[in-house]
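These are the residues of each chain, in order.
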Amino acid sequence: MTATKVSARESAQTGLVTVAKGRLQQLLAFASLIVISAFFSVASPYFFSYDNFTAILFSTVVIGTLAIGTTFVIIAGGIDLSIGTGMALCAVMSGVFLVDIGLPLALGVPAAILFGGLIGLVNGFNVAVLKIPPFIATLAMMLVAQGLALVLSDSAPIYFTDVAGYTDISTGNLLPGVRFPNAVLVLLGAALVAAVLLTKTVLGRYTYSIGSNEEATALSGINVRRWKIAIYAFAGLFIGLAGVMISARLGSAQPATGMGYELQAIAAVVIGGTSLSGGKGSIVGTLIGALIISVLNNGLQIMSIPQEWQNVILGCVILVAVYTDMIRKKET
Amino acid sequence: MLARKITAALASAVVALSLAACGSAGDGAGGGGEPYVAIVSKGFQHQFWQAVKKGAEQEASKRGARVTFVGPATEQEVEEQLNMLTNALAKQPDALGFAALDSKAAAPLLQQAQSQDVPVIAFDSGVDSGIPVTTVATDNKAAAAEAAKHLAEELGGKGKVALVVHDQTSLSGVDRRDGFVEWMEQNAPGITVLPAQYGGGDQLESANITKSIISANPDLDGIYASNEGSAIGVIKGVQESGASGVTVVGFDSGQAQIDAIRNGQMLGAVTQNPIGMGERLVDAALKAIEGQRLPETVDTGFYWYDKSNIDDEKIQAVLYQ
């Protein structure tokens, strides 16, 4: 019994060591972000401006929020494909709570976020208890969520026109006298909470531990099954938050949207240095990864690069980022 | 070793930049005095949008203007379209062409365009707002009614028909469904119209839907498909099910539909005029830049085409391969 306890501590320590090593990757990702931004600043007269920078941050909010939640799941050695359409479902639920039922904002918004947690909880149950591989379990949830979003909305967008203050969650300016959208504050707040939970709490420690060596973690007496469910459910809250943020930005819940967001979010996580094989990664890295994608999208469009080429470039960046990660792993 | 790591990590940036550089070589980065029209479309890779793009570029080069054309990968990506609109406005265009996926979502950005004194020209589907100076579009309901009329004539005013529609949420999907159904209800009492089925404009999906409609209704006489992808799917579905005596009418063009009409698998189709839409969009934008007054709507028209007139010059000019 004591021996297994030790191995748990070891695996937890391995987790902490990887956090330290992740620093370098973060630094390099950050350097890439700076280099790319510097290039666009030189290449286009319209890139380097306050308005454009807030536009880039603003466009990062939804993918960034999804990516933060997914970082937990991926570090724990899982994957979540249901975040994109799950987000659409949570947006629709937000519409159901606020528009159809008429709940006040202070109840409806948390309810929509908790609904995301429920999606995650079901994913976690399917993965941890029913032992369905995460790829399949969440692929199934992706379809369920897509269908439910259409069913619950009668396949039509739900507009928040009569819900006072809803769009302010995203497009309002809380900071007095500054044009800085609230959505970006929400993203930064969510990232801060996630980073603290990942690095300073039991939830974070077990996330790393399960991802680096699930068996050892289980042998050390940790209830892996329960913690996995908790990790998926916690990550689900970010699906809910993303659903609120996208519907607040659009002023409507678009039931048919969301497909493809999961891949962009996963790309952001991977570019940010989180390993798809689990056990390592960070929230800061993910945030930088999401920013790299937004900066590339924004910069390439501002430079009037033909759209066909924009995806080619984005794809190459992802390849290089993953390859870099592999080199790094070989060396450590 | 550290050097190697840094090299590897920065390689991502280098790849992006070199590709960006060769990409930009192809595109007219030439600023100068020529008017610049930024176009944000509802789609991009679909043949229809490529035809609009072609029309816009033709008109621009004829008139000495510069255009850029972007659009999201699918017509569900409302948020992506807003990002594209934001980026287009950041380039301070002289005019903006915009086909809204969701008018209300785009309202704040359109206000921004107005405050930047950028005239907005709506195209394809209307933008539900007072800001656009004009709307350049096809009357989808009338076009769908035209398809219904030809199908009813072919069937002699009686029988059972089905609809495979590309989308139940977008305005074009709804109009093309309702235009067809309403015409049938009012003018062809002898024709039973089955409830519409939706294939997302996806060929495979639409083919599968078609096959299940046919097996559920062995006495089916006709099928109407509401866009290019749906039409190709319906043709495939009819072919695979081996059913005979099912008359297919479609929408838009594209090589597969043109071939099907020529070899008799399809009766005919209604085509919009996407190239003309692109041309008139740029024309309206340039007029708006010069401060000319524009009519509220610019109808880009539609045509019915079948075996008998497919080679007419007028039809050939609006079909895209």
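Model, not experiment: these values are computed from the prediction.

### A closer look at the confidence of the model for chain A
Here comes step 1: Predicted confidence across chain A gives a mean pLDDT of 89, with 90% of residues reaching 70 or more.
Here comes step 2: Contacts of residues 1-8 of chain A to residues separated by more than four positions or lying in other chains number 6 contacts, the stretch itself having pLDDT below 50.

### Details of the UniProt feature "transmembrane region" (unreviewed entry) in chain A
Residues and elements named next belong to chain A.
Here comes step 1: UniProt annotation of "transmembrane region" (unreviewed entry) refers to residues 27-47, 53-74, 81-99, 105-128, 135-160, 180-199, 229-250 and 283-303 when read in the numbering used here.
Here comes step 2: Its end C-alpha atoms 23 Å apart, residues 27-47 is made of 81% helix and 0% strand.
Here comes step 3: Across residues 81-99, helical content stands at 89% and strand content at 0%; the span's end C-alpha atoms are separated by 28 Å.

### Some thoughts on the packing of aromatic side chains
Here comes step 1: Under the counting rule described, the total for this entry stands at 12 aromatic pairs over all chains.
Here comes step 2: Ring centres 5.5 Å apart and planes at 40 degrees place the aromatic pair F40 of chain A and F47 of chain A in the tilted group. A single burial state applies to F40 of chain A and to F47 of chain A, both of which are buried.
Here comes step 3: Members of the aromatic cluster, each reached through a chain of ring pairs, are F39, F40, F47, F48 and F53 of chain A.
Here comes step 4: Over the face of the ring belonging to Y159 of chain A we find K104 of chain B, whose NZ or CZ atom lies 3.8 Å from the ring centre.
Here comes step 5: For the cation-ring pair, R176 of chain B lies above F251 of chain B, with the distance from its terminal atom to the ring centre recorded as 4.0 Å.

### Examining the sheet that holds strand 4 (residues 120-124) of chain B
Residues and elements named next belong to chain B.
Here comes step 1: Strand order across the open sheet formed by 6 strands is 2-1-3-4-5-12, with parallel pairing between neighbours. Looking along the sheet, the strands with just one partner apiece sit at the ends: strand 2 (66-70) and strand 12 (297-299). Neighbour to neighbour, the strand axes of the sheet diverge by 20 degrees on average, direction disregarded.
Here comes step 2: Bridging between strand 5 (residues 134-137) and strand 12 involves 3 bridges; their strand directions are parallel. Bridge pairing links V136 to V298 in strand 12.

### Digging into helix 5 (residues 140-154) of chain B
Residues separated by three or four positions in an α-helix point in the same direction, a consequence of the helix having 3.6 residues per turn.
Residue and element names in this part refer to chain B.
Here comes step 1: The end-to-end C-alpha distance of helix 5 is 21 Å, a good match for the 21 Å that 15 residues give at a rise of 1.5 Å each.
Here comes step 2: Turning to helix 5, its buried residues are N140, A143, A144, A145, A147, A148, H150, L151 and A152.
Here comes step 3: Two residues or fewer after helix 5 comes G156, characterised by a positive phi angle close to 70 degrees.

### Let's talk about the confidence of the model for chain B
Here comes step 1: The predicted model of chain B has a mean per-residue pLDDT of 87, with 90% of residues at 70 or higher.
Here comes step 2: In this model residues 20-31 of chain B is a low-confidence stretch, pLDDT under 50, and it forms 13 contacts with partners more than four residues away in sequence or in other chains.

### A few points about the UniProt feature "domain: Periplasmic binding protein" (unreviewed entry) in chain B
Here comes step 1: With numbering aligned to this structure, UniProt lists the feature "domain: Periplasmic binding protein" (unreviewed entry) at residues 37-292 of chain B.
Here comes step 2: Secondary structure across residues 37-292 of chain B divides into 50% helix and 19% strand, with the first and last C-alpha atoms of the span separated by 16 Å.

### Section: the side chain of Q301 of chain A
Here comes step 1: Tracing the backbone through its elements, the reader meets Q301 of chain A in helix 12 (residues 283-302).
Here comes step 2: Setting aside residues no more than four positions away along its own chain, Q301 of chain A makes contact with Q310 of chain A together with E80, N83, M84, N87 and K91 of chain B.

### A look at the domain arrangement of chain B
Residue and element names in this part refer to chain B.
Here comes step 1: What the domain assignment lists for chain B is domain 1 (2-138 + 274-299) and domain 2 (140-271).
Here comes step 2: Between domain 1 and domain 2, the contact holds 6 residues from the first and 6 residues from the second.
Here comes step 3: In total, domain 1 and domain 2 occlude about 600 Å² of area from one another, counting both sides; carbon and sulfur atoms represent 43% of this.
Here comes step 4: Its largest share of buried area at the contact with domain 2, domain 1 owes to H46, F48 and T138, together 47% of the area lost on that side.
Here comes step 5: Linking domain 1 with domain 2 are 0 salt bridges, by the criterion used here.
Here comes step 6: Here domain 1 is connected to domain 2 by 1 residue pair in polar contact (both at pLDDT 80 or more).

### Looking at the pattern of salt bridges
Residue and element names in this part refer to chain B.
Here comes step 1: This model, assessed by the stated rule, comprises 16 salt bridges over all chains.
Here comes step 2: Its salt-bridge partner being D178, residue R177 comes within 3.0 Å of it at the nearest N-O pair.
Here comes step 3: Among the salt bridges present, the one from D311 reaches R262, with a minimum N-O distance of 3.1 Å. In this pair, D311 sits in the loop between strand 13 (302-306) and helix 11 (313-318) while R262 sits in helix 9 (residues 255-262), placing the two residues 49 residues apart along the sequence.
Here comes step 4: D311 sits in the exposed class, given a relative accessible area of 53%.
Here comes step 5: Several salt bridges converge on common partners, so that one network encompasses E59, K62, R63, D283 and K287.

Basis of the calculations
Residues numbered from 1 in each chain as written. Chains lettered and ligands numbered in written order. Predicted model: local features only at pLDDT ≥ 70, side-chain atom pairs only at ≥ 80, totals over all residues. Heavy atoms only, no water. pLDDT = per-residue confidence, 0-100. Contact = heavy atoms within 4.5 Å. UniProt positions renumbered as here; feature names shortened; annotations may be inferred. Helix = DSSP H or I, 4+ residues; strand = E, 2+ residues; numbered from the N terminus. Phe/Tyr/Trp six-rings, centres within 6.5 Å; stacked < 30°, edge-to-face > 60°. Buried < 20%, exposed > 50% of the residue type's maximum accessible area, 1.4 Å probe, protein only. Lys NZ or Arg CZ within 6 Å of the ring centre and 35° of its normal. Pairing = 2+ DSSP bridges. Axes fitted to C-alpha atoms, helices over the stretch in contact; angles between N-to-C directions. Expected span 1.5 Å × (residues − 1). Domains from an automatic or database assignment. Buried area = accessible area lost by both parts, 1.4 Å probe. Salt bridge = Lys/Arg side-chain N within 4 Å of Asp/Glu carboxyl O. Polar contact = N/O pair within 3.5 Å; in protein donor to acceptor, adjacent residues only side chain to side chain.

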